[in-house]
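Below, each chain spelled out in residue letters.
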Amino acid sequence: MTEVFNLIGISDFSGEQHSNTARGEMAQKGVQLEREAISCSVCLDLLKDPVTIPCGHNYCMNCIKSHWDKEDEKKVHSCPQCSQSFTPRPVLVKNTMLAFLVEELKKTGLQAAPADHCYAGPEDVACDVCTGRKRKAQNSCLVCLTSYCEKHLQPHHDVPPLKKHKLVEPYKKLQENICSRHDEVMKIFCRTDQQSICYLCSVDEHKGHDTVSAAGERTERQRELEGSRHNIQQRIQDREEDVKLLQQEVEAINGSADKAVEHSEKIFTQLIRLMEKRRSDVKQQVRSQQETEVSREKLEQEITELKRKDAELKKLSHTEDHNQFLHNYPSLSALSESPHPSSLNLCTLNYFEDVTAAVSELRDKLQDDLRETWTNISLTVTQVDVLLPHEPKTRADFLRNSHELTMDPNTGHVNLLLSEGNKKATVIRAEQFFLCHPDRFTDWWQVLSRESLTGRSYWEVEWKGGAIYIAVTYKSICREGRWNDAFLGCNEESWALRCDSCSYKLHHNKVQTRVSGPRSSRIGVYLDHSAGILSFYSVSETMTLLHRVQTTFTQPLYAGVRFSYYGDTAEFSEVK
């Protein structure tokens, strides 16, 4: 036991007095103890029922048992730390001295480090210097090509030459920076073969190739990356704006739909009520006409009276006294005319058949009207545009929106020569004679299209020269003066893509945005006026989106071109 305590810095142990002294020293030096010395390397917790196996390493009784239980089939049992094998399986006996030591240390408040505190797991980068169980790497050195834990990294903070080394976040694939052929660090990039190489490669198989330092190539690619990120962020911003616009449109559609349903319900309810009233009216009229003008009671009275008259005449006919017969006959023979002719109700049957026919005709007319009206209503509903318009995806889609443009001579600067049916403009040194016109640009080499642009339009511009601005603008743009108000792309009324042999830039309202993309002498422009979309494309064998603007256009637009140097040309090309 004394040897064990000496191992952790306690020089003597005997009896209760020494135990108390040891406890005090432990409490003072507890923070200096190596926690892993009394921790199980399997569960990474303080040892529980500690056992010592033949190689000298210590484990919790249950941890090493579980480990060896998994190895029983192989008949060979190994140490999880040093991998030493034992045959047969060792018998485990609790190390009582170590168990006592652990309990004493627990009284000082010492706790085991969490499992991910210092040791590297499967997904971590391990320290290359550590032996046995490796700790997590804190940094990787791009000069040493080694990963270090906090302890082994310290020289890089203290030793002056090592302080100059490049430290990065722990990186598993540092060896990929070593040339497999020459075993040297690859610090050079071959642009010819598009791969990283070492110095010996540059004077050997890559001799004569276009090579630069890896750092230099990284700087160039970093600029391209930033440009790509800017485009992506711009597209994200555009899509977010689309989502906002779509949400607004959805809300407007929902409100309009609710009102349409509400009003339709009211109208159909009114129609139903009207039909119910007309049905009731017809029924009432038919029932009213069904009642005859002569009641049954009057008819029965007339029959009784006729029977009485017939009895009196019969009695008179049997009178034997001729004088009496002749005296009474005149008063009895007179028969009053019946007020109810026998043909009274002969026409009523045909009358009600006509009612049925009239109602049937009304039904047929209503069905025809409803069928035609419903078709119009259905078409109106399906034509409601409930989504934001999508930008064309294929060249065929763009061609369906192609717009033939010509240049307006009344807007062109006097140094612009128009040709090819006013589709092409060239900057020349000699000023041409033009009549004064309020639409003419007087100070900038610019020209606008004759045609205004609304709805969806696509056109292409073929350009040649030093620098060309391909633009759209409101007609209200200023035409005079060498200030920004008249410069395409430098005010609120215009948007312009600047094209030269090296780069693209989008200009709007005095703001320049760098645009990356393949160089091309042909630029495609897509405009969806109502959706507020303006897109520029590099056109070659394929179409590549250069930049998209998402805004709100408040007036019709005109295509425009601005030139920078004598000899520059631009043409509204035929789109095929």
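Counting of residues starts from 1 at the beginning of each chain's written sequence and follows it residue by residue. For a predicted model such as this one, the threshold for reporting local features is a pLDDT of at least 70, and the threshold for listing and counting side-chain atom pairs is 80 or more; totals across whole chains, interfaces and linings nevertheless cover every residue. Note that the side-chain values use all heavy atoms of the structure and ignore hydrogens as well as water.

Draft legend 1. Broad picture of the pairing of strand β21 (residues 543–550). Note: two strands are recorded as paired if DSSP finds a minimum of 2 bridges between them. Strands here mean DSSP runs of E at least two residues long; helices mean DSSP runs of H or I at least four residues long; both are numbered from the N terminus. Here strand β20 (residues 533–539) pairs with β21 via seven bridges, running antiparallel. Residue I533 lies in a different strand from β21, and its bridge partner there is Q550. Joining the antiparallel neighbours β20 and β21 is a turn of three residues.

Draft legend 2. Representation of the layout of surface pockets. A 1.4 Å probe that fits but cannot get out identifies a cavity on a 1 Å grid over protein atoms alone, an open set with protein on both sides within 12 Å along at least five of seven lines counts as a pocket, and a residue lines either if it has an atom within 4 Å of a point. Grid points are joined across faces, edges and corners, and a volume is the space filled by probe spheres set on the points. Of the volumes computed, that of the second largest pocket is approximately 640 Å³. Around the second largest pocket, the lining comprises 16 residues; the ones closest to its centre are N177, M186, K187, A214 and A215. Tallying contributions element by element places helix α8 (residues 214–290) first for the lining of the second largest pocket, with five residues. As a working rule, the residues Ala, Val, Leu, Ile, Met, Phe, Trp, Tyr, Cys and Pro are called nonpolar, Asp, Glu, Lys and Arg charged, and the rest polar, with Gly in that last group. Here the lining of the second largest pocket is composed, by residue class, of seven nonpolar, three polar and six charged.

Draft legend 3. Representation of the sheet that holds strand β6 (residues 146–148). Reading across from one edge, β6-β5-β7 is the order of the three strands in this open sheet, with antiparallel pairing throughout. In this open sheet, the two edge strands, each paired with only one partner strand, are β6 and β7 (167–168). By the bridge criterion, two bridges tie strand β5 (residues 139–141) to β7 in an arrangement that is antiparallel. In the strand pairing of β7, S140 is matched with V168. Here, residues are in contact when the closest pair of their heavy atoms is within 4.5 Å. In this analysis, axes come from line fits to C-alpha atoms, helices being fitted only over the stretch in contact, and the angle between any two N-to-C directions falls in the range 0 to 180 degrees. Across the sheet, helix α5 (residues 150–158) touches β5, β6 and β7, and the angle it forms with β6 is around 110 degrees.

Draft legend 4. Seen up close, the side chain of S520. Structurally, S520 is set in the loop between β18 (511–515) and β19 (522–528). Here the side chain of S520 touches V539 through a polar contact of 2.5 Å, landing on its backbone oxygen. Polar contact criterion, stated in full: a pair of N or O atoms within 3.5 Å, where within protein one must be able to donate a hydrogen and the other to accept it, and residues adjacent in sequence count only if both atoms are side-chain atoms.

Draft legend 5. Representation of the pattern of salt bridges. Salt-bridge detection follows one rule: a side-chain nitrogen of Lys or Arg within 4 Å of a carboxyl oxygen of Asp or Glu. Throughout the structure, instances matching the rule amount to 24 salt bridges. K423 serves as the salt-bridge partner of E404, at 3.2 Å between the closest nitrogen and oxygen. Of this pair, E404 sits in the loop between α12 (395–399) and β11 (416–419) while K423 sits in the loop between β11 and β12 (424–427), and the two are 19 residues apart along the sequence. For E404, a relative accessible area of 62% corresponds to the exposed category. Among the ionic contacts, a cluster of salt bridges with common partners joins R395, E460, E462 and R522. Only protein chains enter the accessibility calculation, which uses a 1.4 Å probe; a residue whose area is less than 20% of its type maximum is buried, one above 50% is exposed, and one in between is partly exposed.

Draft legend 6. Spatial organisation of the pairing of strand β23 (residues 569–572). Strand direction decides the pairing type here: β12 and β23, joined by three bridges, are antiparallel. Bridge assignment links T426 to a residue of β23, and that residue is T569. One ladder, built from four bridges, connects strand β14 (residues 456–464) with β23; its direction is antiparallel. In the strand pairing of β23, W463 is matched with A570.

Draft legend 7. Examining the nonpolar core more closely. Throughout this description, the term nonpolar core refers to a set of buried Ala, Val, Leu, Ile, Met, Phe, Trp, Tyr and Cys residues connected via side-chain atoms within 4.5 Å. Counting residues in hydrophobic clusters, the biggest one holds 35 residues, and the most contacted among them are W459, I470, L497, I523, L534 and F563. Beyond its immediate sequence surroundings of up to four residues, L497 is in contact with I468, Y469, I470, Y504, K505, L506, V515, I523, F536 and L546. In terms of nonpolar packing, the next biggest core, distinct from the first, is built from 19 residues, C40, W68, F86 and L101 among them.

Draft legend 8. Inspection of the side chain of T473 at higher detail. Of note, T473 is situated in strand β15 (residues 467–474). Residue T473 is classed as buried on the basis of its relative accessible area, which comes to 0%. Within polar-contact distance, the side chain of T473 engages the backbone oxygen of E493 at 3.2 Å. Residues within four places of T473 in sequence aside, it is in contact with L448, L488, E493, S494, P556, L557 and Y558.

Draft legend 9. Summary view of a nonpolar patch on the surface. A grouping of I267, F268, L271 and I272 is seen on the molecular surface, where their side chains present a nonpolar patch of about 390 Å² in accessible area. Checked against the element boundaries, F268 lands in helix α8. Judged by its relative accessible area of 44%, F268 falls in the partly exposed class. Patches draw on residues past 30% relative accessible area with no salt bridge. Two like charges within 9 Å are joined, as are two nonpolar side chains (Val, Leu, Ile, Met, Phe, Trp, Tyr) within 5 Å. All accessible areas in this document rest on Shrake-Rupley with a 1.4 Å probe, and a residue is counted as covered only by the protein chains that are shown.

Draft legend 10. Highlighting the state of the cysteines. Cysteine sulfur pairs qualify as disulfides if the two atoms are within 2.5 Å. This model, assessed by the stated rule, comprises zero disulfides. Distance from the sulfur of C55, which forms no disulfide, to the nearest cysteine sulfur (C79) is 3.6 Å. Assessed through its relative accessible area of 21%, C55 is described here as partly exposed. C141 carries a free sulfur, and the closest cysteine sulfur to it, the one in C144, is 3.5 Å from it. Its relative accessible area of 0% is what places C141 among the buried residues.

Draft legend 11. How the structure looks around the packing of aromatic side chains. Classification of ring pairs rests on two measures: the distance between centres of Phe, Tyr or Trp rings, Trp counted by its six-membered ring, which must be within 6.5 Å, and the angle between planes, read as stacked under 30 degrees, edge-to-face over 60 and tilted in between. Across all of its chains, the model carries nine aromatic pairs by this definition. An angle of 70 degrees between the planes, with centres 6.4 Å apart, marks the rings of W68 and F86 as edge-to-face. On the criterion of sequence distance, the pair formed by W68 in helix α3 (residues 61–71) and F86 in strand β4 (residues 85–86) is long-range, its members being 18 residues apart. For W68, a relative accessible area of 0% gives the class buried. Between F398 and Y458, the ring centres sit 5.1 Å apart and the planes meet at 55 degrees, which makes this aromatic pair tilted. Placement of the pair is F398 in helix α12 and Y458 in strand β14, with a sequence separation of 60 residues.

Draft legend 12. Spatial organisation of helix α4 (residues 96–106). Taken as a whole, α4 has its buried residues at L98, A99, L101, V102, E104 and L105. A distance of 3.3 Å separates the backbone nitrogen of M97 from a side-chain oxygen at the start of α4, and that oxygen is part of N95.

Draft legend 13. Highlighting the sheet that holds β20. Overall, antiparallel pairing links the seven strands, which are arranged β11-β12-β23-β14-β19-β20-β21 in an open sheet. The two strands at the open ends of the sheet, each matched to only one other strand, are β11 and β21. Taken pair by pair, the neighbouring strands of this sheet meet at an average axis angle of 20 degrees, ignoring direction.

Draft legend 14. Summary view of the confidence of the model for the chain. Every residue is assigned a pLDDT by the predictor, reflecting its confidence on a scale from 0 to 100. On average, residues of the chain score 82 in pLDDT, and 85% of them reach the 70 mark or higher. Taking the mean pLDDT of every element in the chain, the minimum, 42, falls on helix α1 (residues 2–7) and the maximum, 97, on β23. Segment residues 1–22 is flagged for pLDDT under 50; beyond a separation of four residues in sequence, or across chains, it makes 25 contacts in the model.

Draft legend 15. View of the environment of W495. Its place among the elements puts W495 in strand β16 (residues 494–500). A distance of 3.3 Å separates the side chain of W495 from the side chain of H508, its partner in a polar contact.

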